[in-house]
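# Commentary on secondary and tertiary structure
Given next are the chains, with one letter for each unit.
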Amino acid sequence: MNGSTTSRTLAGVAVPDTLLVQKALEYARRECEAYLFNHVVRSWLFAARLGQLRNIDHDAEVVAVGTLLHDITLNERFDGPRRFEVEGADLARTFSRQAGMDERRAQLIWDSVALNSTPSIGLYKEAEVALCTAGVCLDVVGLNYETIPASEIARIVSEFPRVEMKRRMTRCFCHIAQKHPETTYDNFARDFGERFVPGYRAPSSVDFVSNTPFDE
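Presented here is an overview of the structure given in this document. (Residues numbered from 1 in each chain as written. Predicted model: local features only at pLDDT ≥ 70, side-chain atom pairs only at ≥ 80, totals over all residues. Heavy atoms only, no water.)

### Topic: the overall build of the chain
Tallying secondary structure elements over the chain gives 11 helices and two strands in all. Ordered by position from the N terminus, the helices and strands of the chain form the series β-β-α-α-α-α-α-α-α-α-α-α-α. With 216 residues in all, the chain has 52% of them scored as buried. Total accessible area computed for the chain in this model is approximately 10,900 Å², and 51% of it derives from carbon and sulfur atoms. Side chains of the chain carry 25 positive and 30 negative charges; the gap between the two charge centres is 6 Å. (Helix = DSSP H or I, 4+ residues; strand = E, 2+ residues; numbered from the N terminus. Buried < 20%, exposed > 50% of the residue type's maximum accessible area, 1.4 Å probe, protein only. Areas by Shrake-Rupley, 256 points an atom, 1.4 Å probe, with all protein chains shown as cover. Lys, Arg positive; Asp, Glu negative; His and termini not counted. Charge placed at Lys NZ, Arg CZ, Asp CG, Glu CD.)

Written out as structure tokens, the structure is:
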């Protein structure tokens, strides 16, 4: 476990126990609803465990902060103007800089937060970004669910329950699609708008290409 000097066991998983991680936990608890706080902690634990099981060399403190802060703007207070992951990434990077992280590590945290819902990119970035993405995707859509033993997943979920996460997270995505549809057109939130939000209509990339102001 790189990037930390002390550790502890949380829900059966060895994780870094530094002042920065403690502050990130406090920040997440303050900004997230209870169900969402549990989600970011589970995402962290899944990310950490995937790294351990696959013997991936990584900065465990960066993974902790990135996963814990990846959803601090996913709520019905979200007011744009950019997609919620980018707004959250800026806040997480500012938090990291103010806590004394160097620019390289702070940027890894920005990438972890900004790309957490874009696995087609995030999974192929640096180890810290990829693990953050993998942990989040395991908790939200079950990606690589079979990699972690069922008994370990059960313990993590028992200690940090899901608390109707599917329903509550869907409500948040629909709120964003309804109030700030322009932030959803090029990402997964578009699917929630198209299925659940009356009157939602996303522009087509085909039209953008066809209507570009060039002759050919």
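Having put the structure on the table, let's press on.
### As for the pattern of salt bridges
Per the counting criterion, the structure on display carries 20 salt bridges. In this structure, R97 and E103 form a salt bridge, with 2.7 Å as the shortest nitrogen-oxygen distance. Among the residues examined, E103 registers a relative accessible area of 43% and is labelled partly exposed. Because the salt bridges share partners, they merge into one network encompassing R82, E87, D90 and R93. (Salt bridge = Lys/Arg side-chain N within 4 Å of Asp/Glu carboxyl O.)

### Re unusual backbone geometry
At the junction of G80 and P81, the peptide bond is cis and its omega measures out at 5 degrees in the coordinates. In this structure, P81 sits in the loop between α3 (60-68) and α4 (84-98). One non-glycine residue with positive phi stands out, namely N144, at about 60 degrees. Note that N144 resides in the loop between α7 (127-141) and α8 (150-159). The backbone of V163 shows a phi angle near 50 degrees, a positive value even though the residue is not glycine. Assessed through its relative accessible area of 36%, V163 is described here as partly exposed.

### A short note on α4
Spanning 15 residues, α4 covers 21 Å between terminal C-alpha atoms, matching the ideal 21 Å at 1.5 Å per step. Taken as a whole, α4 has its buried residues at F84, E85, V86, E87, G88, A89, A92, R93, F95 and S96. (Expected span 1.5 Å × (residues − 1).)

### Section: the packing of α4 against helix α5 (residues 103-114)
Look at α4 against α5: their axes get within 8 Å of each other, and the N-to-C directions meet at 155 degrees. Here α5 runs roughly antiparallel to α4, going by the angle between their axes. Here the hand of the crossing between α4 and α5 comes out right-handed. Residues E85, V86, G88, A89, D90, A92, R93, S96 and R97 of α4 lie in contact with α5, whose contacting residues are E103, A106, Q107, I109, W110, V113 and A114. (Axes fitted to C-alpha atoms, helices over the stretch in contact; angles between N-to-C directions. Parallel < 35°, antiparallel > 145°, perpendicular 65-115°, else oblique. Left-handed = near helix turned anticlockwise from the far one by under 90°. Contact = heavy atoms within 4.5 Å.)

### Thoughts on the packing of aromatic side chains
In total, this model carries nine aromatic pairs according to the counting rule given. Consider the rings of F78 and F84, whose centres lie 6.5 Å apart with planes at 85 degrees: the pair is edge-to-face. Note on accessibility: F78 and F84 belong to one class, buried. Judged by centre distance (6.4 Å) and plane angle (35 degrees), the ring pair of F192 and F196 falls under tilted. Highlighted residues: F192 and F196, both in helix α10 (residues 189-196), separated by four residues, approximately one helical turn. A connected cluster of aromatic rings, assembled from ring pairs, spans F78, F84, F173, F188, F192 and F196. (Phe/Tyr/Trp six-rings, centres within 6.5 Å; stacked < 30°, edge-to-face > 60°.)

### What about the nonpolar core?
Judged by nonpolar contacts, the single largest core of 62 residues is most densely connected at V41, W44, L45, L68, L69 and L74. When residues no more than four places from it in sequence are discounted, the contact partners of V41 are L10, L25, L68 and F160. (Core = buried A, V, L, I, M, F, W, Y, C linked by side-chain atoms within 4.5 Å.)

### Focus on the pairing of strand β2 (residues 13-16)
As paired elements, strand β1 (residues 7-10) and β2 share four bridges and run antiparallel to each other. Considered in β2, the bridge of R8 is made with V15. Counted between consecutive antiparallel strands, the loop separating β1 from β2 contains two residues, among which A11 sits at a positive phi close to 50 degrees. (Pairing = 2+ DSSP bridges.)

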